Amino acid sequence: MQRVWDELKKLEAQAEQIQADAQNQAKQILAFAHQESDKLVANSKVYGQQEAQKLYVQVDKEAKQNNAELLEATKKTAAKLKAQAEEHMDKAVRLVVTAVLEETSS
C-alpha cells in the first residue's frame, strides 16, 4: 500500500510540474505575442506615415500643376482682353476728345 501512495505522490508531483511548465510556456507565449503585436503596431504607424507622405506629395504636385494651368489660362485671357482694349483705345480717345471739344465750344 505504501508503494501505491508513493507512486501516487510521484504522479501528483509530475502533474504539478507539468502544470507549472505549461503556465510558464503560456506566459512566454503571451509575452512574445505582446512583443510581436507591438512591432506590428509600430510598423503600421510607420507605414501609415509613409503612405500619408506619398499622398501629400502627390496632392501637392497635382495642386501645383493645376495652379500653373490656371495661371497660364489667366495670362492668355488677360492678353486677349488687353488686345481688345488696345483695339478700342483709338476710338475711345476720339470720343473723349470730341466730347471735351463739344463741351468747350458750347
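Preceding block: the structure.
Analysis parameters
Residues numbered from 1 in each chain as written. Predicted model: local features only at pLDDT ≥ 70, side-chain atom pairs only at ≥ 80, totals over all residues. Heavy atoms only, no water. Helix = DSSP H or I, 4+ residues; strand = E, 2+ residues; numbered from the N terminus. Rg over C-alpha atoms; globule rule 2.2 N^0.38 Å. Buried < 20%, exposed > 50% of the residue type's maximum accessible area, 1.4 Å probe, protein only. Salt bridge = Lys/Arg side-chain N within 4 Å of Asp/Glu carboxyl O. Patch = residues over 30% accessible without salt bridge, like charges linked within 9 Å, V, L, I, M, F, W, Y side chains within 5 Å. Areas by Shrake-Rupley, 256 points an atom, 1.4 Å probe, with all protein chains shown as cover.

**Comments concerning the overall build of the chain**
Across its full length, the chain carries one helix and zero strands. Relative to the globule expectation of 13 Å for 106 residues, the C-alpha radius of gyration of the chain, 45 Å, shows a markedly less compact shape. Within the chain, the proportion of its 106 residues that are buried is 0%.

**Some points on the pattern of salt bridges**
Taken as a whole, this structure holds three salt bridges when the rule is applied. Measuring nitrogen to oxygen at the nearest pair gives 3.6 Å for the salt bridge that ties K54 to E51. In this pair, K54 and E51 are both assigned in helix 1 (residues 2–105), three residues apart and thus about one turn of the helix distant. Overall, the relative accessible area of 55% leaves K54 in the exposed class. For E51, a relative accessible area of 32% translates into the label partly exposed. Measuring nitrogen to oxygen at the nearest pair gives 3.2 Å for the salt bridge that ties D60 to K64.

**Side note on the environment of T77**
Topologically, T77 is positioned in helix 1. Sequence-wise, T77 and N67 are ten residues apart; in three dimensions their C-alpha atoms are separated by 15 Å.

**Examining a nonpolar patch on the surface**
Judged by side-chain polarity, M1, V4, W5, L8 and L11 come together as a nonpolar surface patch covering roughly 560 Å² of accessible area. Checked against the element boundaries, W5 lands in helix 1. Overall, the relative accessible area of 48% leaves W5 in the partly exposed class.

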